[in-house]
Amino acid sequence: MASGTADAPRRTSYREGPPPTRNTATILLAVGALALTALPSNAAQPPQPTGQPNLASAFQTAAAKYDVPREALVSVGFAETHLDGHNGTPSQANGYGVMHLAGNNVNKTMSEASKLTGLPVAELSKNDTSNILGAAAVLDSYADQAGLKDRSDLGKWYSVIAKYSHSADGPTARLYTDEVYRVIARGVSTASVSTDPKQVTPDLGAYAKVSPLGTRAKVQATDYPGAIWNPACTCNYQAGRTQAITTIVIHVTQGSYAGTISWFKDPAAQVSAH
């Protein structure tokens, strides 16, 4: 898992059909328990992103047009997809492009971007430059809603970025947003886009009272200390198994770590890992 980060392997989308049968269910989340590390930033360096070669210009133009700090815009994209638009193919959460603009029952960033920019969904889905512009427009709209006045202060963007995640709950939103700020602190260096490392003290606002996922003992997995126990929605799987386990499948995901967690927890998603 939904999900997030600087050094994780390229995430690929996976598709699941209707809710799993009893024969496939238990490996399930049990891994709805998501045996993923809490800080995926420490994984291997991903391959260089594919897509249009003018991403640097696209980020610069979008940041200037919508008064969104370039470091914030790039870091959100990196946390979401490592700046890889996957050639316009959607994630399981129906998210598209470098910025993972989505259209599902919880995350409406794609339709919001289309309304704000006047660009058709087809273009926002397939064109990296338009996708980045759409995400900047959405972040700008959220900043206006939050009454953000000093747009140049990166620390003030915390709640805006948390809203962009459309996470299932406060702890998952913190997981997402903290990762974006770690990317800002480390900087981004890819073949097409780079940002300088920048140390920022985020203004957590209402999130100051929210514990990020993985910091409380009760959510830690007992069999693997580095994992988070965060079960999927119980309606997304069935308990029970009649056959012996012969194979273990390790899924990787397209989109952020926190976003993947949120998708597993969404009762309408009907997704599971097995």
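For the structure, see preceding data.
Residues numbered from 1 in each chain as written. Predicted model: local features only at pLDDT ≥ 70, side-chain atom pairs only at ≥ 80, totals over all residues. Heavy atoms only, no water.

A. Representation of the overall build of the chain. Within the chain one finds 10 helices and four strands. Traced from its N-terminal end to its C-terminal end, the chain shows the element sequence α-α-α-α-β-β-α-α-α-α-α-β-β-α. With an accessible surface of roughly 12200 Å², the chain has 54% of that area assigned to carbon and sulfur atoms. (Helix = DSSP H or I, 4+ residues; strand = E, 2+ residues; numbered from the N terminus. Areas by Shrake-Rupley, 256 points an atom, 1.4 Å probe, with all protein chains shown as cover.)

B. The arrangement of the pattern of salt bridges in detail. Under the definition given, this model contains seven salt bridges. Across the salt bridge formed by Asp 144 and Arg 151, the nearest N and O atoms sit 2.8 Å from each other. A salt bridge links Asp 203 to Lys 156; its shortest N-O distance comes to 3.2 Å. Here Lys 156 lies in the loop between helix 7 (128–145) and helix 8 (158–165) and Asp 203 lies in the loop between strand 4 (194–195) and helix 10 (257–265), a separation of 47 residues in the sequence. One continuous salt-bridge network, built from bridges that share partners, spans Asp 140, Asp 144 and Arg 151. (Salt bridge = Lys/Arg side-chain N within 4 Å of Asp/Glu carboxyl O.)

C. Focus on a nonpolar patch on the surface. A cluster of nonpolar side chains, namely Ile 245, Ile 248 and Ile 250, defines an oily patch on the protein surface of about 390 Å² accessible area. By relative accessible area, Ile 250 is classed as exposed at 76%. (Patch = residues over 30% accessible without salt bridge, like charges linked within 9 Å, V, L, I, M, F, W, Y side chains within 5 Å. Buried < 20%, exposed > 50% of the residue type's maximum accessible area, 1.4 Å probe, protein only.)

D. Representation of the nonpolar core within the structure. If you look at the biggest cluster of nonpolar residues, it comprises 49 residues, and the most contacted ones within it are Phe 59, Leu 73, Met 99, Ile 132, Trp 157 and Tyr 164. Looking at which element gives the most residues to this core, the answer is helix 7, with nine residues. With residues near it in sequence (within four places) discarded, Phe 59 still touches Arg 70, Leu 73, Val 74, Leu 83, Val 98, Met 99, Ile 132 and Val 193. (Core = buried A, V, L, I, M, F, W, Y, C linked by side-chain atoms within 4.5 Å. Contact = heavy atoms within 4.5 Å.)

E. Layout of the packing of helix 3 (residues 55–66) against helix 7. Look at helix 3 against helix 7: their axes get within 9 Å of each other, and the N-to-C directions meet at 30°. Put simply, helix 3 runs roughly parallel to helix 7. For the crossing formed where helix 3 meets helix 7, the hand is right-handed. Residue-level contacts link Leu 55, Ala 58, Phe 59, Ala 62, Lys 65 and Tyr 66 of helix 3 to Asp 128, Thr 129, Ile 132, Leu 133, Ala 136, Ala 137 and Asp 140 of helix 7. Taken together, the residues that form the contact of helix 3 with helix 7 break down as nine nonpolar, one polar and three charged. (Axes fitted to C-alpha atoms, helices over the stretch in contact; angles between N-to-C directions. Parallel < 35°, antiparallel > 145°, perpendicular 65-115°, else oblique. Left-handed = near helix turned anticlockwise from the far one by under 90°. Nonpolar A, V, L, I, M, F, W, Y, C, P; charged D, E, K, R; others polar.)

F. Local environment of helix 3. Between the first and last C-alpha of helix 3 there are 16 Å, a value that for 12 residues agrees with the 16 Å anticipated at 1.5 Å per step. Listed as buried for helix 3 are Leu 55, Ala 58, Phe 59, Ala 62, Ala 63 and Tyr 66. Buried residues along helix 3 cover an arc of 125° about the axis, so they all sit on one side. Turned more than 90 degrees away from the buried face of helix 3, the exposed residues are Ala 64 and Lys 65. Buried positions along helix 3 lie against helix 4 (70–81), helix 5 (109–117) and helix 7. (Expected span 1.5 Å × (residues − 1). Arc of directions from axis to C-beta.)

G. Fine view of the packing of helix 8 against helix 9 (residues 170–186). Here helix 8 crosses helix 9 at 120°, and the two axes come no closer than 9 Å. Classified by the angle between their axes, helix 8 and helix 9 sit oblique to one another. Note on packing geometry: the crossing formed by helix 8 with helix 9 is right-handed. In this structure, helix 8 contributes Tyr 158, Ile 161, Ala 162, Tyr 164 and Ser 165 to the contact, and helix 9 contributes Ala 173, Arg 174, Tyr 176, Thr 177, Asp 178, Val 180 and Tyr 181.

H. Fine view of the environment of Asn 87. Note on placement: Asn 87 falls in the loop between helix 4 and strand 1 (95–96). A relative accessible area of 66% places Asn 87 in the exposed class. Along the chain, Asn 87 and Gly 97 lie 10 residues apart, while their C-alpha atoms are 7.6 Å from each other.

I. Quick look at unusual backbone geometry. One non-glycine residue with positive phi stands out, namely Asp 67, at about 55°. Relative to the assigned elements, Asp 67 resides in the loop between helix 3 and helix 4. Residue classification places Asp 67 among the partly exposed residues on the basis of a relative accessible area of 45%. You will see that His 100, though not glycine, has its phi angle at about 50°, which is positive. Tracing the backbone shows His 100 in the loop between strand 1 and strand 2 (101–102).

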